[in-house]
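# Coordinate analysis (summary)
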Amino acid sequence: MSARAPLISVVAFVFAWSRFCSAGLYYEQESRMKPADKDGPTSVVRLRIFVQGDNIRIERVDAGQVIIARLKENIVWSIDEKKGVYYEAALEEIATNWRNMRREKGIEEKEASAVSLKRGGERKSILWHDCDHYILDMDGKTLLEVWTDKDFDFPEKETIYEFRARMGELSPGVFQEIRKVQGFPLRMNGFTYVGTESMVSLREVKSIQRQDIDAEKFKLPDGLRKTTVGE
């Protein structure tokens with residue numbers, strides 16, 4: 001073997017690794033919502049999610065609905081492909097609407113100090129990986145369960161957490177604590193309490209991969225008509 005061979009191998013490895021690190025993240029997710037203490041049929045929402053840098057694209061499979069968020073530009077587009085329309089809003093505007101909705105339903109927002117993170121004991125096999133279990137509690141109630149694996153510790157999780165926090169979906173306390181969890185969230189059970197009732201949203205990643213993502217995925221398509229809420 002020539003002396004150049006090891007050098008060529010190293011260069012090839014560095015190139016491949018840099019390509020891996022610069023590629024975007026694509027994953028498919030199934031979501032369900034049901035009463036926390038009851039079994040039974042639930043509707044399934046299937047999503048295709050693309051993440052590249054500070055940009056996110058969420059496609060609802062078979063529904064023609066797309067959300068594009070550009071965090072640095074503080075903008076979200078909600079697109080209805082079937083109707084050919086889109087709605088535009090700042091992240092803070094959506095967060096305000098989310099908080100108002102939660103307040104109307106009697107859901108309290110707690111300070112970060114009220115939320116605690118601990119390791120759970122219910123391990124799950126997801127995508128052929130034995131996943132760690134984490135629990136976020138508030139006032140003795142479970143807010144969120146997360147299953148992760150360190151092999152899937154993709155940096156894009158920070159973009160996803162920031163998106164959900166700035167949209168108002170994650171409270172400041174939950175956002176602060178969930179960022180301490182190692183690994184990408186392959187399954188999340190989120191609990192909502194209203195009076196004596198509780199609901200759980202189940203989200204599970206069904207496939208995940210690195211891939212190059214076309215920048216056009218995060219741009220507003222031509223030919224759509226801008227609309228307003230309620231129109």
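Up top is the structure these notes are about.
One structure accompanies this document, and this report is about it. The shown structure was predicted, so the numbers you read here are calculated from the model rather than taken from an experiment.

Scanning the chain from terminus to terminus reveals four helices and 13 strands. Here the chain, with 231 residues, has 42% of them falling under the buried criterion. Residue pairs in contact within the chain that sit at least 24 positions apart in sequence constitute 55% of those at least 6 positions apart. As presented, the chain carries roughly 13500 Å² of accessible surface, and 51% of it is formed by carbon and sulfur atoms.

Next up on the list: helix 3 (residues 156–166). The buried count for helix 3 comes to eight of eleven residues, which makes it a mostly enclosed element. Within helix 3 the residues assigned to the buried category are Glu156, Lys157, Thr159, Ile160, Tyr161, Phe163, Arg164 and Ala165. Just past helix 3, the residue Gly168 takes up positive phi, approximately 90°.

Attention now moves to the environment of Ile68. For Ile68, the location among the structural elements is in strand 4 (residues 65–70). Assessed through its relative accessible area of 0%, Ile68 is described here as buried. Residues Ile68 and Phe50 lie 18 residues apart in sequence; the distance between their C-alpha atoms is 9.5 Å. Leave out the neighbours within four places in its chain, and Ile68 touches Ile56, Arg57, Ile75, Val76, Trp77, Ile79, Lys217, Phe218 and Lys219.

On to the environment of Glu92, then. Turning to its location among the elements, Glu92 is positioned in helix 2 (residues 91–104). In this structure Glu92 comes out as partly exposed when scored by relative accessible area, which is 42%. Distance from Glu92 to Gly168, taken between C-alpha atoms, is 8.0 Å for residues 76 residues apart in sequence. Within the local environment of Glu92, its side chain forms a polar contact with the side chain of Asn74, the two groups lying 2.9 Å apart.

Another point: the environment of Ser201. Relative to the helices and strands, Ser201 resides in strand 12 (residues 197–211). Counting along the chain gives 170 residues from Ser201 to Ser31, while the straight-line C-alpha distance between them is 7.0 Å. Sequence-distant contacts of Ser201, defined by excluding residues within four places in its chain, comprise Arg32, Met33, Met188, Asn189 and Gly190.

Gaps left between atoms are located by rolling a probe of water-molecule size over the structure's atoms. Scanning the model with the defined rule gives one cavity of 30 Å³ or more in all. Taken as a whole, the largest cavity encloses approximately 80 Å³ of empty space. In terms of lining, the largest cavity is formed by Tyr27, Gln29, Ile160, Arg164, Phe184, Pro185, Leu186, Arg187, Met188, Arg203, Glu204 and Val205. Of all the elements in the fold, those that place two or more residues in the lining of the largest cavity are strand 1 (24–35), helix 3, strand 11 (184–194) and strand 12. In terms of residues, the lining of the largest cavity owes the most to one element, strand 11, which gives five residues. When the residues that make up the lining of the largest cavity are grouped by side-chain class, the tally is seven nonpolar, one polar and four charged.

Turning our attention to the side chain of Arg164. As for its placement among the helices and strands, Arg164 is situated in helix 3. By relative accessible area, Arg164 is classed as buried at 9%. Among all residues touching Arg164, those that are not within four sequence positions of it are Gln29, Glu169, Leu170, Met188 and Arg203.

For the rest of this paragraph, the subject is the side chain of Glu204. Within the secondary structure, Glu204 sits in strand 12. Of the polar contacts made by the side chain of Glu204, one reaches the side chain of Arg187; its length is 2.9 Å. Apart from the residues within four sequence positions on either side, Glu204 is in contact with Glu28, Gln29, Glu30, Ile126, Leu186 and Arg187.

Conventions we followed
Residues numbered from 1 in each chain as written. Predicted model: local features only at pLDDT ≥ 70, side-chain atom pairs only at ≥ 80, totals over all residues. Heavy atoms only, no water. Helix = DSSP H or I, 4+ residues; strand = E, 2+ residues; numbered from the N terminus. Buried < 20%, exposed > 50% of the residue type's maximum accessible area, 1.4 Å probe, protein only. Contact = heavy atoms within 4.5 Å. Areas by Shrake-Rupley, 256 points an atom, 1.4 Å probe, with all protein chains shown as cover. Polar contact = N/O pair within 3.5 Å; in protein donor to acceptor, adjacent residues only side chain to side chain. 1 Å grid on protein atoms, 1.4 Å probe; cavity = no way out; pocket = protein on both sides within 12 Å on 5 of 7 lines; lining within 4 Å. Points joined across faces, edges and corners; volume = space filled by probe spheres on them. Nonpolar A, V, L, I, M, F, W, Y, C, P; charged D, E, K, R; others polar.

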